[in-house]
Every structure is written in structure tokens, then in C-alpha cells.
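Structural characterization, general
Letter by letter, the chains look like this.
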Amino acid sequence: KPLLYGAVLAELSEELLNVLFAAMDQGETPEHQLEVFFSALAALGQENPDRLRLLMRALTEADATEAARSNGGEGRSLQDVLEPLVALIQATETWEGSGAGTALGIASQLLGATCLFPAAAKILTAGFGTEVVDQAEQERCDLLHKLVHQVLTGMPPQELGASPAG
């Protein structure tokens, strides 16, 4: 069982790394690349919430670490995703020069914000009902975009048509 779990984690890590590299190819600045990555990750969660549920489990449970080790180094690990993600955060204007610990903290917070709702949707639906959860899901992506933007730039996102605060 640990070997199978390790193989599934390696597959997930490869998928996430591909999403990150695709975002890096699309974005002009590190901030934009990260915004594209987290938007793509959120979209992945809408398509397949189980993938984000697995990511949350892998980030929060010790057995995931053990499964990755028991995989015998075969394939990718979440470390292969987290390292370039941390480096990309450190390349942003706001976080340039920050330590790896600060950037890792930011990465973990943004991953949590991106992954928690889709991972918990079944439980939330049982408690709040489908209508409320569907409404929350519709608003979640916009809120996530604003959160990612603000964390990465240190500035609130500008609303379309709104003038900058003076």
C-alpha cells in the first residue's frame, strides 16, 4: 500500500510541476507566473477535487512523507514542486531577498487557500447544503485571485474600471 501511495504522489507531483512550468512559460513576471499557477491549480480542483484533497493530505500527514520515501526515489516528489515555487516567490518584487522560510510560509498559505475548499467540499455540502456551497465555489476563485495578488504584490488588486486609491 505505501508503494502505491508513493506512486500516486509521484504522479501528482509530476502533474503539479507541469502546471507550474506551464504557468512560468505564460507569465511575464514572477508575480504573474504565480497568479497563473494558482489559478490553474484552482481550476484543477474544480475539475478533480480529489487531486487537491490528495495534495492537502500529502502536505499535512506524515504517512505521505513515508510513502514518498518508500517509493525508492522513483518519480517526482512534492519537494520537486515546492522548491521552484519557493524560488519563484523569492523572485517577486515584494518578496525578493526574503529567506526560504518566509517564501515557504507564503507558498504553504497560498496552497492551503487554493486547495482547502475543493478538498472539503463534500463535508461543507453536508453541513451547508449544495446551494450555499455552489455559491461559495463561484466566489472562491475571484477571492483567491485577489488574495494571491495581494500577498505577492503587497497591494490590493484593482477592480476593473476603478481608479487607484490616492
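All of the points below concern the structure found in this document.

Quick notes on the rules
Residues numbered from 1 in each chain as written. Predicted model: local features only at pLDDT ≥ 70, side-chain atom pairs only at ≥ 80, totals over all residues. Heavy atoms only, no water. Phe/Tyr/Trp six-rings, centres within 6.5 Å; stacked < 30°, edge-to-face > 60°. Buried < 20%, exposed > 50% of the residue type's maximum accessible area, 1.4 Å probe, protein only. Helix = DSSP H or I, 4+ residues; strand = E, 2+ residues; numbered from the N terminus. Polar contact = N/O pair within 3.5 Å; in protein donor to acceptor, adjacent residues only side chain to side chain. Contact = heavy atoms within 4.5 Å.

**Here we look at the packing of aromatic side chains**
- Tallying each qualifying case throughout the model produces 1 aromatic pair.
- Taking 5.0 Å as the distance between ring centres and 70° as the angle between the ring planes, the aromatic pair formed by Phe37 and Phe38 counts as edge-to-face.
- Exposure remark for Phe37: the relative accessible area of 1% places this residue in the buried category.
- Of the residues examined, Phe38 reaches a relative accessible area of 1% and is grouped as buried.

**Description of the side chain of Thr92**
- Its location among the elements puts Thr92 in the loop between α5 (78-90) and α6 (100-128).
- Exposure remark for Thr92: the relative accessible area of 0% places this residue in the buried category.
- From its side chain, Thr92 meets the backbone oxygen of Ile89 in a polar contact 2.7 Å long.
- Look past the residues within four positions of Thr92 in its chain and what remains in contact with it is Pro30, Glu31, Leu34 and Leu152.

Remember, this is a structural readout, not a statement about activity or role.
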